[in-house]
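# Fold and geometry: a report
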Amino acid sequence: MPAMLEPYLSELNLIAGDMTSSAGGLILLLLLTAFAESLAVVGLLVPGIAILIGLTVLAPELGISPWTWWLVGTIGAFLGDGTSFWLGRRAQGRLHHWHFFQRHPDWLAHSHEFFTRYGVWSIAFGRFIGPLRPLVPVVAGASAMPTSSFLLANTLSSPAWAAAYLLPIYWLGERAALHFNRASVVLLVMGGFVLAVLFMLWLKRRRF
């Protein structure tokens, strides 16, 4: 099996090396990953946090300031939740017809229960709970939550999420840059990414 995977892992390393070789490329990857991590259902299917950790570790070496990194992560998270809320608004009364929720109705039920219990605060609280992060905003939209209330919660919680998830890892990246060369850091990040993907696939297989 390892011999069969070797060509694909080599290609993955090549693509990752190209995408992370410039500050602009790394920032774009951060924006897209933070967006996908908060996007309805999609956030459950990608190892977003593992990718964010890997990207953040590389950021200091490319001269990206922590404030720029935090701001881009904030924007990505804000747009992801906002898009999820909009999708929920369009799907009012039909959310349970989505293929994912037909296969896993318990996820929809738990998310709706969480939203009902905490109301506007569910947007802020749910952002810090992995399985709920990409689901609560779409449920809020489908439940006709006032747009002004959602925007307030999204505006306040997005920068808090980015600070909590990205800035500590950025600091670790600064420390790593002092002791390892770029090739070593990229290798460690890619190894961790592959392991995270395999673990997420195994976990979803057992859970679903």
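Residue positions within a chain follow its written sequence, with the count starting from 1. The predicted nature of this model means local features are confined to residues of pLDDT at least 70 and side-chain atom pairs, given and counted, to a pLDDT of 80 or more, with totals for whole chains, interfaces and linings taken over all residues. Neither water nor hydrogens contribute to the side-chain values; these are computed over all heavy atoms in the structure.

On to the overall build of the chain. Each helix and strand counted, the chain has 11 helices and 0 strands in total. Going along the chain from the N terminus, every DSSP run of H or I of four or more residues is numbered as a helix, and every run of E of two or more is numbered as a strand. Listing the helices and strands of the chain from first to last along the sequence gives α-α-α-α-α-α-α-α-α-α-α. Excluding contacts between residues fewer than 6 apart, the proportion of contacts in the chain whose partners are at least 24 apart in sequence is 81%. Residue exposure ignores everything except the shown protein chains as possible cover, and the areas themselves are Shrake-Rupley values with a 1.4 Å probe. Accessible surface, the chain: about 11,200 Å² in total, of which carbon and sulfur atoms supply 71%. Contact between two residues is taken to exist if any of their heavy atoms lie within 4.5 Å; hydrogens are not considered.

Any two rings among Phe, Tyr and Trp, with Trp reduced to its six-membered ring, count as a pair given centres within 6.5 Å; such a pair is stacked if its planes are under 30 degrees apart, edge-to-face if over 60, and tilted if neither. According to the stated counting rule, one finds 8 aromatic pairs in the structure shown. Between phenylalanine 114 and tyrosine 118, the aromatic rings sit 4.9 Å apart at their centres with planes inclined by 50 degrees, giving tilted as the arrangement. Taken together, the residues span about one helical turn, with phenylalanine 114 and tyrosine 118 both in helix α7 (residues 105-118) at a distance of 4 residues. Judged by relative accessible area, which is 13%, phenylalanine 114 ranks as buried. Each member of the aromatic cluster is reached from another via a ring pair, and the members are Phe114, Tyr118, Trp121 and Phe125. Relative accessible area decides the class of each residue, using a 1.4 Å probe on protein chains only: under 20% of the type maximum gives buried, over 50% gives exposed, and in between gives partly exposed.

Take the nonpolar core next. Here, nonpolar core means buried Ala, Val, Leu, Ile, Met, Phe, Trp, Tyr and Cys residues that are tied together by side-chain atoms lying within 4.5 Å of each other. The biggest cluster of nonpolar side chains holds 23 residues, and the ones touching the most others in it are Leu95, Phe101, Ile123 and Met145. Of all the elements in the fold, those that place two or more residues in this core are α6 (99-103), α7, α9 (136-142) and α10 (147-179). In terms of residue count, the dominant contributor to this core is α9 (5 residues). Setting aside residues no more than four positions away along its own chain, phenylalanine 101 makes contact with Val41, Leu95, His96, Leu108 and Leu135. Residues Leu26, Leu29, Leu58 and Ile64 belong to the second largest nonpolar core, which totals 16 residues.

Axes, fitted as lines to C-alpha atoms, cover a helix only where it is in contact. Angles between the N-to-C directions of the axes lie from 0 to 180 degrees. Taken N-terminus to C-terminus, the directions of helix α2 (residues 23-38) and helix α4 (residues 48-58) make an angle of 160 degrees; their axes are 10 Å apart at the nearest point. Relative to α4, the element α2 is oriented roughly antiparallel. Considering how the two elements wind past one another, α2 and α4 form a crossing that is left-handed. Contact residues: α2 offers Leu26, Leu29, Leu30, Thr33, Ala34 and Glu37, while α4 offers Gly48, Ile49, Ile51, Leu52, Leu55 and Leu58. Charged means Asp, Glu, Lys or Arg here, nonpolar means Ala, Val, Leu, Ile, Met, Phe, Trp, Tyr, Cys or Pro, and polar covers whatever is left, Gly included. Tallied by class, the residues present in the contact of α2 with α4 amount to 9 nonpolar, 2 polar and 1 charged. Note that the term roughly parallel is reserved for angles under 35 degrees, roughly antiparallel for angles over 145, roughly perpendicular for angles of 65 to 115, and oblique for everything else. In this scheme, a crossing is called left-handed if the near helix is turned counterclockwise away from the far one by less than a right angle; it is called right-handed if the turn is clockwise.

Time to look at the environment of glutamate 61. As for its position among the elements, glutamate 61 is in the loop between α4 and α5 (66-90). Overall, glutamate 61 belongs to the partly exposed group, its relative accessible area being 34%. Counting along the chain gives 38 residues from glutamate 61 to alanine 23, while the straight-line C-alpha distance between them is 9.2 Å.

Turning our attention to the packing of α2 against α5. For the pair α2 and α5, interaxial distance at closest approach is 7 Å and the crossing angle is 35 degrees. The two elements α2 and α5 meet at a crossing, and its hand is right-handed. Contact with α2, carried on its side by Leu26, Ile27, Leu30, Leu31, Ala34, Phe35 and Ser38, involves Thr68, Trp69, Val72, Gly73, Ile75, Gly76, Ala77, Leu79, Gly80, Asp81, Thr83 and Ser84 of α5 and no other residues of that element. Looking at the contact of α2 with α5 residue by residue, the class counts come to 11 nonpolar, 7 polar and 1 charged.

Turning next to the pattern of salt bridges. Any two side chains of opposite charge can pair, so long as their charged atoms come close to each other. Here a salt bridge means any side-chain nitrogen of Lys or Arg lying within 4 Å of a carboxyl oxygen belonging to Asp or Glu. One pass over the structure, following the stated rule, counts 2 salt bridges. A salt bridge links arginine 133 to glutamate 37; its shortest N-O distance comes to 2.5 Å. Taken as a pair, arginine 133 in the loop between α8 (121-126) and α9 and glutamate 37 in helix α2 lie far apart in primary sequence, 96 residues in all. Assigned by exposure class, arginine 133 and glutamate 37 land together as buried. Of the charged contacts, one joins arginine 127 and aspartate 81 as a salt bridge, the two residues approaching to 2.8 Å between their closest N and O atoms. On the criterion of sequence distance, the pair formed by arginine 127 in the loop between α8 and α9 and aspartate 81 in helix α5 is long-range, its members being 46 residues apart. The two residues arginine 127 and aspartate 81 agree in class, both being buried.

On to the confidence of the model for the chain, then. Per-residue confidence for the chain averages 78 on the pLDDT scale, and 73% of its residues sit at or above 70. What pLDDT expresses is the predictor's confidence in each residue, scored from 0 to 100. The secondary-structure element of the chain with the lowest mean pLDDT is helix α1 (residues 2-19), recorded at 43, while α5 shows the highest, at 94. Overall, residues 1-15 carries pLDDT values under 50, and its contacts beyond four positions in sequence, including any with other chains, amount to 5 contacts.

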